[in-house]
Amino acid sequence: MFFQALQKVFRKPIYTFLAFSTSVVVFAFAVWLPNISLIVKIMGHREIPFTQKLDLPINLLGSIATNFTLLSALYTIAIAILFGINLAMIIYFLGRRITEVKQNGIVTGFLGLASGVIGIGCVACGSLVLSSILSLFGATWILSFMPFAGGEFGILGIILLLTSIYIIAKRIDNPLICKIVT
Amino acid sequence: MQEQYNKDETKIPEVAPLVQQDKLSIPTAIIIAGIIIAGAVYLSISRGSSVVGKNQPQQGTQQPQQPSGLAVDIAKVKTEGEPFVGNINAPVVVAEWSDYQCPFCKRFDSDAVTSLMTDYIKTGKVKLIFKDFQFLGEDSQIAGLAGRAIWEIAPDKFYDWHKAMFEKQDSENSGWGNKKDILALVRSLGIDSVKVEQLMTSKAVEYQKAIDADKVEGGAFGINGTPGTIIGKNLISGAQPYGAVKQLIDLALQGK
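1. Let's talk about the overall build of chain B
Looking only at helices and strands, chain B has nine helices and six strands in total. Taking all 256 residues of chain B together, 44% fall into the buried category. Within chain B, contacts between residues separated by at least 24 positions form 80% of all contacts whose residues are at least 6 apart in sequence.

Structure representation (structure tokens):
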């Protein structure tokens, strides 16, 4: 059932392309996050040739090997891939104009996407995004009590994304049936 | 009869109304996700890279806080009295904030800094300044004090010691890295460990002040984690690949 639904969606090249391109964007975003202001600055520099400008973001993609722990690199890649699959399946599902939308599946999907983004981490301190948000409230010490220093959010993101994909796959595979009240 | 017929035989099945769940669920979830993502991006851009928890530098206590990526300029970095390697008059100056217990600093040192040494420092194009950002506990502070003492009595051997410190790095605040270990390493490099120990004690307050000032200065430039490196007017956060560092140095050499 699950794999049939996946086949149904990704048989169409447009959804495969959507999932792939979304995954690439999410992965790049996660890897570039600590240096986004630098990338913006270099890209906006008028005196630097365009090809030279492109070198920086391309070079920074290599930081998945240098600026991530093995765990955070693995869940960042997993989140990026699942994020793409999830988004493509949500769009496929909504595109079929099924009116009986089981909202839970979709909401879980978006929560999964959000949690995944929060869990993206790098450098020495685990969850980069979460620590940025927590630092706003002066609550970064919370991360020191987490066994994986915020990596838990990445794992939670993976679980939510997998749950969402499963629920959407189930909905895609089941035809719309109206309940008959007798 | 007619009434009976209607009642029993032509009862029209009633289609259940579609579940009218809260129609706002999807847009709300999208908006929340969007706000979280946008907020996180904004915060991470305005506050620099990773945050250092309870040891976060007190930004703006010695210098006014500057937003990262805007006021970053190597010309504004305090270089006097700071350990460095390379040609004192090199056309490009690079400043790196690091912690001796940070595993990413170790990675950055063994990858980017080693290549930088071969390609730019030994050729006289770059001077690399080592700034303290010791925030990972007692062993980091001791290493910082030792670094200051070594720079004072044997500046020519500072880089060897710096490199050896990263090579010896193990788990934080345990295993290798206490004062005794560091002094043994100092001795093995042919540096007067007795003198180093003496300075670490007699000048502890002065050295600690300099270490703390480096951290505050880094924070003012938007460095909230290690390693953080300023090249020209650019700040690069984290243990980034050598290719990215090289590109920024080449831009600085071109005057861009």
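2. So, the overall build of chain A
When you go through chain A residue by residue, the secondary structure sums to ten helices and one strand. When the helices and strands of chain A are read in sequence order from the N terminus, they spell out α-α-α-α-α-α-α-α-α-α-β. The burial tally for chain A puts 45% of its 182 residues in the buried class. Long-range pairs, those at least 24 residues apart, make up 77% of the contacts in chain A between residues at least 6 apart in sequence.

3. Considering the environment of Pro83(B)
Residue and element names in this part refer to chain B. Secondary-structure assignment places Pro83 in the loop between helix H2 (25-47) and strand S2 (84-86). According to the C-beta neighbour criterion, Pro83 is partly exposed, with 19 such atoms within 10 Å. Apart from the residues within four sequence positions on either side, Pro83 is in contact with Phe130, Gly147, Trp151 and Phe158.

4. Section: helix H3 (residues 36-43) of chain A
When we look at burial in H3(A), the residues that qualify are Ser37(A), Leu38(A) and Ile42(A). Projected onto a plane normal to the axis of H3(A), the buried residues spread over an arc of 130 degrees and lie on a single side.

5. As for the packing of helix H4 (residues 138-153) of chain B against helix H8 (residues 204-220) of chain B
Residue and element names in this part refer to chain B. Following both chains from N to C, one finds H4 and H8 inclined at 105 degrees, their axes separated by 9 Å at the closest point. The angle between H4 and H8 places the two elements in the roughly perpendicular class. On the side of H4, the interface is formed by Gly144, Leu145 and Arg148, while H8 contributes Ala204, Tyr207, Gln208, Ala210 and Ile211.

6. Regarding the confidence of the model for chain A
Any segment with low pLDDT has predicted coordinates that should not be analysed in fine detail. Mean pLDDT for chain A: 76, with 65% of residues reaching 70 or above. Contacts from residues 121-128 of chain A, a stretch scored under 50 in pLDDT, to residues over four places away or in other chains number 53 contacts.

7. Comments concerning the environment of Gly144(B)
Residues and elements named next belong to chain B. As for its position among the elements, Gly144 is in helix H4. Taking the C-alpha atoms as reference, Gly144 lies 8.1 Å from Tyr207; in sequence the two are 63 residues apart. Once residues within four sequence positions are removed from consideration, Gly144 is found in contact with Asp132, Gln134 and Ile211.

8. Description of the nonpolar core
Most often, soluble globular proteins keep nonpolar side chains buried together rather than apart. Within the largest apolar cluster, 70 residues are counted, with the highest numbers of intra-cluster contacts made by Ala88(A) and Met89(A). With eleven residues, the single largest contributor to this core is helix H6 (residues 70-95) of chain A.

9. As for the pairing of strand S5 (residues 228-231) of chain B
Residue and element names in this part refer to chain B. Every second residue of S5 is oriented toward a common face, with Gly228 and Ile230 on one face and Thr229 and Ile231 on the other, all of them buried. As defined by bridge partners, strand S3 (residues 92-98) adjoins S5 across four bridges and the pair is classed as antiparallel. Of the residues in S5, the one forming a bridge with Glu96 is Thr229. Where S5 lies against strand S6 (residues 234-237), four bridges are found, and the strand directions are antiparallel. Looking across to S6, one finds that Thr229 is bridged to Ile236. Linking two consecutive strands that pair antiparallel, namely S5 and S6, is a turn of two residues; a positive phi of about 60 degrees is found at Gly232 within it.

10. Thoughts on the sheet that holds S6(B)
Residues and elements named next belong to chain B. The strand order across the open sheet formed by five strands is S2-S4-S3-S5-S6, and the pairing between neighbours is mixed. Two strands bound the open sheet, and with one partner strand each, they are S2 and S6. Ignoring strand direction, the axes of neighbouring strands in this sheet form an average angle of 20 degrees. Packed onto the sheet, helix H3 (residues 103-121) meets S2, S3 and strand S4 (126-132) and runs at close to 155 degrees relative to S4.

11. Digging into the packing of H3(B) against helix H9 (residues 242-253) of chain B
All names here are of chain B. Direction vectors running N to C along H3 and H9 enclose 40 degrees, while the axes themselves pass 9 Å from each other. Classified by the angle their axes make, H3 and H9 are oblique. The crossing of H3 and H9 is right-handed. Only Tyr242, Val245 and Ile249 of H9 make contact with H3, whose side of the interface consists of Asp111, Ala112, Ser115, Leu116 and Tyr120.

12. What about unusual backbone geometry?
All names here are of chain B. A cis amide bond links Thr226 to the next residue, Pro227, at an omega of -5 degrees. Positive phi outside glycine occurs at Asn173, with the angle close to 55 degrees. By the secondary structure assignment, Asn173 is in the loop between helix H5 (158-168) and helix H6 (179-188). According to the C-beta neighbour criterion, Asn173 is exposed, with 12 such atoms within 10 Å.

13. Things to note about the confidence of the model for chain B
All names here are of chain B. Summarising the model, chain B shows a mean pLDDT of 81, and 72% of its residues fall at 70 or more. A low-confidence stretch, residues 5-22 (pLDDT under 50), is modelled with 13 contacts involving residues beyond four sequence positions or located in other chains. Counting interchain partners and residues more than four positions distant, the pLDDT-below-50 stretch residues 41-70 has 87 contacts.

Cut-offs and rules
For every chain, the first residue of the written sequence is number 1, and numbering continues from 1 along that sequence. By the order in which they are written, chains take letters starting at A while ligands take numbers starting at 1. Local features in a predicted model are, by the rule used here, given only for residues with pLDDT of at least 70; side-chain atom pairs are given and counted only at 80 or more, and totals for whole chains, interfaces and linings are based on all residues. Each helix is a run of H or I in the DSSP string that is no shorter than four residues. Each strand is a run of E no shorter than two, and both are numbered from the N terminus. Residue burial is a threshold on neighbouring C-beta atoms within 10 Å of the residue's own C-beta, all placed from the backbone, with 20 or more meaning buried, 12 or fewer meaning exposed, and counts in between meaning partly exposed. By the convention adopted here, residues are in contact when the distance between their C-beta atoms, placed from the backbone, does not exceed 7 Å. Think of the arc as the fan of directions from the helix axis to the C-beta atoms. A fitted line through C-alpha atoms represents every axis, and for helices the fit uses only the stretch in contact; the resulting angles, taken between N-to-C directions, go from 0 to 180 degrees. What sets the label is the angle itself: under 35 degrees gives roughly parallel, over 145 gives roughly antiparallel, 65 to 115 gives roughly perpendicular, and the rest give oblique. The pLDDT score gives, residue by residue, the confidence of the prediction method on a 0 to 100 scale. Connectivity within a nonpolar core runs through C-beta atoms within 7 Å, and the core itself is a set of buried Ala, Val, Leu, Ile, Met, Phe, Trp, Tyr and Cys residues. Only strands joined by at least two bridges in the DSSP assignment are considered to pair. It is the rotation of the near helix from the far one that decides the hand of a crossing: anticlockwise by less than a right angle makes it left-handed, clockwise makes it right-handed.

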